[in-house]
Amino acid sequence: MCIRDRYQRRVHGILDMEKAPPKLLALIKKGFDSLDTNEDKLLTKTEIQKYCASIHCAITDEQYKGYMGDVTSMTFEDVMKEFKPFLQAVLIMRVADSDKDGKISFEEFKGFVTAGIEGVPEEVLKKRFDECDANKDGKLDLFECIEGCSHQQWLQFTKLFI
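This structure is a prediction, so every number in the text was calculated from the model and none was measured.

Attention now goes to the nonpolar core. For soluble globular proteins, the rule of thumb is that nonpolar side chains tend to be buried together. Counting residues in hydrophobic clusters, the biggest one holds 43 residues, and the most contacted among them are Ile48, Phe86, Val90, Ile104, Phe109, Phe112 and Leu142. For this core, the secondary-structure elements that each account for two or more residues are α2 (22-35), α3 (45-54), α4 (61-68), α5 (76-81), α6 (85-96), α7 (106-116), α8 (122-132) and α9 (142-150). With 9 residues, α6 is the largest single contributor of residues to this core. Excluding anything up to four places from it in sequence, isoleucine 104 contacts Ile92, Met93, Ala96, Asp97, Phe109, Phe129, Gly138, Lys139, Leu140 and Cys145.

This is the structure:
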């Protein structure tokens, strides 16, 4: 088994709907539903790109294809079964960005994680937030979230609490 296959197996266990805490699932579902602007139970490429543009992180068709391949729409169940760091980051951004400024502060990050996963020490959250904050401005933008969701340490961090 190649490294990528092992990586995908580990990731699948994190996003498996049966293993995710109900509170975390509810938060992710809330983000999905709020992005599904036509309420057809599908998250489309257009809806995702429109949201990204609204937070000043426009995603070109080429970038989208790099992140998502040929996937142009997904149900919530598809989202939970497939590991797509880009889509995971978009959903996290949509839910965690409570002041809707297009970035996630540490307080917003902490609120999101602790609302979905109980028992995470604040110092662990701060360390993980700082690791994701590449430009050290105290906020995570969409691209920092994408990188953070792709990062092996995020997967290990998440496994500690799920």
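So, on to the pattern of salt bridges. The full count for this structure, using the stated rule, is 9 salt bridges. When the shortest N-O distance is used, the salt bridge between glutamate 107 and lysine 110 registers 3.4 Å. You can see glutamate 107 and its partner lysine 110 sitting in helix α7, 3 residues apart, about one turn around the helix. Of the charged contacts in the structure, one is a salt bridge between glutamate 131 and arginine 128, with a shortest N-O distance of 2.9 Å. Of this pair, glutamate 131 and arginine 128 both sit in helix α8, 3 residues apart, which is roughly one turn of that helix.

What follows is about α2. In this model α2 runs 20 Å from its N-terminal to its C-terminal C-alpha over 14 residues, within 8% of the 20 Å that 1.5 Å per residue would give. Its buried side turned inward, α2 meets β1 (43-44), α3, β2 (73-74), α5, α6 and α7.

Our next topic: the confidence of the model for the protein. Looking at the protein, pLDDT values average 80 and 80% of them are 70 or higher. When mean pLDDT is compared element by element in the protein, strand β3 (residues 104-105) scores highest at 95, while helix α1 (residues 3-15) scores lowest at 37. Segment residues 1-16: pLDDT under 50, and 22 contacts once partners within four positions in sequence are set aside and those in other chains are kept.

Attention shifts here to the packing of α6 against α9. The interhelical angle for the contact between α6 and α9, taken along N-to-C directions, is 125°, at an axis separation of 8 Å. In this view, α6 runs oblique relative to α9, as classed from their interaxial angle. Judged by the sense of rotation from one axis to the other, the crossing of α6 with α9 is right-handed. Counted together, Pro85, Phe86, Gln88, Ala89, Val90, Ile92 and Met93 of α6 and Leu142, Cys145, Ile146, Cys149 and Ser150 of α9 form the full contact between these two elements. Tallied by class, residues from the contact of α6 with α9 come to 10 nonpolar, 2 polar and no charged.

One pass over the structure, following the stated rule, counts 5 aromatic pairs. Plain terms: the ring middles of phenylalanine 32 and phenylalanine 76 are 5.6 Å apart, the flat faces sit at 70° to each other, and that makes the pair edge-to-face. Pair noted here: phenylalanine 32 is in helix α2 and phenylalanine 76 is in helix α5, with a separation of 44 residues, a long-range link. This pair shows no difference in class: phenylalanine 32 is buried, exactly as phenylalanine 76 is. A network of ring pairs unites the aromatic residues Tyr64, Tyr67 and Phe86 as a single cluster. A cation over a ring is seen here: lysine 29 above phenylalanine 76, with NZ or CZ 5.4 Å from the ring centre. Against the face of phenylalanine 106 rests lysine 126, its NZ or CZ located 5.2 Å from the ring centre.

Cut-offs and rules
Residues numbered from 1 in each chain as written. Predicted model: local features only at pLDDT ≥ 70, side-chain atom pairs only at ≥ 80, totals over all residues. Heavy atoms only, no water. Core = buried A, V, L, I, M, F, W, Y, C linked by side-chain atoms within 4.5 Å. Buried < 20%, exposed > 50% of the residue type's maximum accessible area, 1.4 Å probe, protein only. Helix = DSSP H or I, 4+ residues; strand = E, 2+ residues; numbered from the N terminus. Contact = heavy atoms within 4.5 Å. Salt bridge = Lys/Arg side-chain N within 4 Å of Asp/Glu carboxyl O. Expected span 1.5 Å × (residues − 1). pLDDT = per-residue confidence, 0-100. Axes fitted to C-alpha atoms, helices over the stretch in contact; angles between N-to-C directions. Parallel < 35°, antiparallel > 145°, perpendicular 65-115°, else oblique. Left-handed = near helix turned anticlockwise from the far one by under 90°. Nonpolar A, V, L, I, M, F, W, Y, C, P; charged D, E, K, R; others polar. Phe/Tyr/Trp six-rings, centres within 6.5 Å; stacked < 30°, edge-to-face > 60°. Lys NZ or Arg CZ within 6 Å of the ring centre and 35° of its normal.

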